[in-house]
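# Topology and contacts: notes
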Amino acid sequence: MMWPSSQASKILTLLLFIVVIYCLYMDTFLFLRIQNYKLDIFDQVDNSTQESSTRTSRTQLNYEDVVWIPCSVNPLCHPTVKSLMVDHVNHYIYGPLCSLLDIGLGISERILFITPNMISIFHVFIACVGAKLLTCQSLVARRIAVVLFQMRMFLDDLDGHVARERKHIKGERSEVGTLGYWVDGLCDLLGVVAMMLGILIYLKNNPPRRGYKGTPVSTLPYHQLKEINSNEDIEKENVEIGISYKTKVTFQRIAQVIGLFSGQMLLSSLAWNRYIDLYQDILENSTEYDVLRRESTFRSGIFFSATSLWRIVNPHSYLHLLSLSVFCDKTWPFLRTVHYAGYGCLVITVAISEYLVQNIRTSVITGNDV
């Protein structure tokens, strides 16, 4: 028996509320972690003195002593620029689950023939299967597709986790320019394209309807009426204020909305990766600036707030919200709501980030606080 969309919406609303509370709770502890413990500065490994290396090791040991969740699965242990900008679901849920799966199966240490690139390619295959299910009229099939796309995003986290474990890199970090970086990016792109094509085909075959309450047929747009030949194309309902006409949304309009939403994800992905790269270069990879100044900037509330915006306005967050709307059978209302509004949020986030980058460069050079 199919799970009604109204019931699914209620249950998922409760689940979403729990997840939001959990993420806010974790964000609070992440901020406290940054304020009270030294951060991992990647150039300390090769360019530090023995004293600073000992200090770093001692700091990490002390942190492990005061938390009951081991650092192997604790997303708060090794804060990095990227960890502050990764969406909440991937950072606080999928990340620890990837660590647990890796510990259980020993992918990083024992199953060496499984490479991160193989995992990336495999989740493209899952995305293709999910895209096919998204085209089905059955809501159950589309919900299965949502589960498959969430599995794809989990595997997208897993490939990065395995790559970092085999290179002994602690914390989230983008290795810009490497083969794995480009393979991962390409596979992510293919997965997103598959999902959007599946939704496009479904909406083309099952176009949503646009209502005109109490409006005479003669006043409706001609292009909405010229091909109406049956009751399936136009519905008439008796309402208190007159007749309600419902016409199909044109495929051109559907393609326009999906195209604008896809454009948001593309621009968000490009900008998100750009600022991760910039922040990493200034705060984690640069040897020309004082470590203490970089740590002071990293710990600032302004930097934490600015990076938190990217937790919301990034392509992974878009996909989680889109998956939720598909599961609740609210795909078209969601796309119609955000296909313009999302650009405004993205522009604001980029403007704040660009301003912050300039301030951070000044801060780490002069020593002034951000």
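Remember, it's a predicted structure, so these values are computed and weren't measured experimentally.

### As for the layout of surface pockets
Estimates place the volume of the largest pocket at around 1,300 Å³. Along its surface, the largest pocket is lined by 47 residues, and Tyr181, Asp184, Gly185, Asp188 and Asn273 are the ones closest to its centre. Residue composition of the lining of the largest pocket, by class: 20 nonpolar, twelve polar and 15 charged.

### Some thoughts on the packing of helix α7 (residues 139–166) against helix α8 (residues 179–205)
Describing two packed helices takes the angle between their axes plus the distance from one axis to the other. Two elements in contact, α7 and α8, have axes separated by 11 Å at closest approach and are oriented at 170 degrees. Taken together, the axes of α7 and α8 lie roughly antiparallel to each other. Taking contact as the criterion, the partners of Arg142, Phe149, Arg152, Asp156 and Asp159 in α7 are, on α8, Asp184, Cys187, Asp188, Gly191, Ala194, Met195 and Tyr202.

### Observations regarding the side chain of serine 120
Checked against the element boundaries, serine 120 lands in helix α6 (residues 116–134). Not counting the four nearest positions on each side in its chain, serine 120 is found in contact with Asp159, Val183, Asp184 and Cys187.

### Re the confidence of the model for the protein chain
Of all residues in the protein chain, 78% attain a pLDDT of 70 or more, and the chain-wide mean is 81. With pLDDT under 50 throughout, residues 42–61 is counted as low confidence; its partners more than four residues away or in other chains account for 25 contacts. Confidence drops under a pLDDT of 50 for residues 222–244, and excluding neighbours within four residues, the segment shows 42 contacts in the predicted structure.

### Things to note about the nonpolar core
If you look at soluble globular proteins, the nonpolar side chains tend to sit buried side by side. In terms of nonpolar packing, the biggest core is built from 73 residues, with Ile199, Phe261, Tyr279, Phe303 and Leu335 touching the most fellow members. Looking at this core element by element, the count peaks at 13 residues for helix α10 (residues 251–285). Dropping the residues within four chain positions of it, phenylalanine 303 is found in contact with Val81, Leu84, Tyr279, Leu283, Thr297, Phe298, Leu356 and Ile360.

### With respect to the state of the cysteines
Going through the model one piece at a time under the given rule, you end up with one disulfide. Bridging cysteine 71 to cysteine 77, the disulfide has an S-S length of 1.8 Å. Between cysteine 71 and cysteine 77, the S-S dihedral sits near -75 degrees, and the bridge is therefore left-handed. You can call cysteine 71 buried: its relative accessible area is 16%. A relative accessible area of 2% places cysteine 77 in the buried class.

### Remarks on unusual backbone geometry
Excluding glycine, most residues fall at negative phi; most peptide bonds, likewise, are trans. Notably, histidine 168 is not glycine yet its phi reads approximately 60 degrees, a positive angle. For histidine 168, the position within the fold is in the loop between α7 and α8. For histidine 168, a relative accessible area of 70% translates into the label exposed.

### Let's talk about the packing of aromatic side chains
Summed over all chains, the structure comprises twelve aromatic pairs. Measuring from ring centre to ring centre gives 5.7 Å for phenylalanine 261 and tyrosine 318, while their planes differ by 85 degrees; the resulting arrangement is edge-to-face. Of this pair, phenylalanine 261 sits in helix α10 while tyrosine 318 sits in helix α13 (residues 315–327); the two residues are 57 residues apart in sequence, bridging distant segments of the chain. Assessed through its relative accessible area of 0%, phenylalanine 261 is described here as buried. The class of tyrosine 318 is buried, set by a relative accessible area of 9%. Taken together, the aromatic side chains of Tyr275, Tyr279, Phe298, Phe303 and Trp310 make up a single cluster linked through ring pairs.

### A word on the pattern of salt bridges
Counted according to the given criterion, the structure contains four salt bridges. The salt bridge partner of arginine 152 is aspartate 188, with a shortest N-O separation of 3.6 Å. Taken as a pair, arginine 152 in helix α7 and aspartate 188 in helix α8 lie far apart in primary sequence, 36 residues in all. As far as the burial class goes, arginine 152 and aspartate 188 line up, both buried. Close ionic contact of arginine 164 with glutamate 172 constitutes a salt bridge, the shortest N to O distance being 3.5 Å. Taking the relative accessible area as the measure of exposure, glutamate 172 reaches 15% and is therefore buried.

### Re the environment of glutamine 252
Looking at the secondary structure, you find glutamine 252 in helix α10. Overall, glutamine 252 belongs to the exposed group, its relative accessible area being 68%. On a C-alpha basis, the gap between glutamine 252 and lysine 204 in space is 9.4 Å, while along the polypeptide they are 48 residues apart.

Conventions adopted
- Residues numbered from 1 in each chain as written.
- Predicted model: local features only at pLDDT ≥ 70, side-chain atom pairs only at ≥ 80, totals over all residues.
- Heavy atoms only, no water.
- 1 Å grid on protein atoms, 1.4 Å probe; cavity = no way out; pocket = protein on both sides within 12 Å on 5 of 7 lines; lining within 4 Å.
- Points joined across faces, edges and corners; volume = space filled by probe spheres on them.
- Nonpolar A, V, L, I, M, F, W, Y, C, P; charged D, E, K, R; others polar.
- Axes fitted to C-alpha atoms, helices over the stretch in contact; angles between N-to-C directions.
- Helix = DSSP H or I, 4+ residues; strand = E, 2+ residues; numbered from the N terminus.
- Parallel < 35°, antiparallel > 145°, perpendicular 65-115°, else oblique.
- Contact = heavy atoms within 4.5 Å.
- pLDDT = per-residue confidence, 0-100.
- Core = buried A, V, L, I, M, F, W, Y, C linked by side-chain atoms within 4.5 Å.
- Buried < 20%, exposed > 50% of the residue type's maximum accessible area, 1.4 Å probe, protein only.
- Disulfide = S-S within 2.5 Å.
- Phe/Tyr/Trp six-rings, centres within 6.5 Å; stacked < 30°, edge-to-face > 60°.
- Salt bridge = Lys/Arg side-chain N within 4 Å of Asp/Glu carboxyl O.

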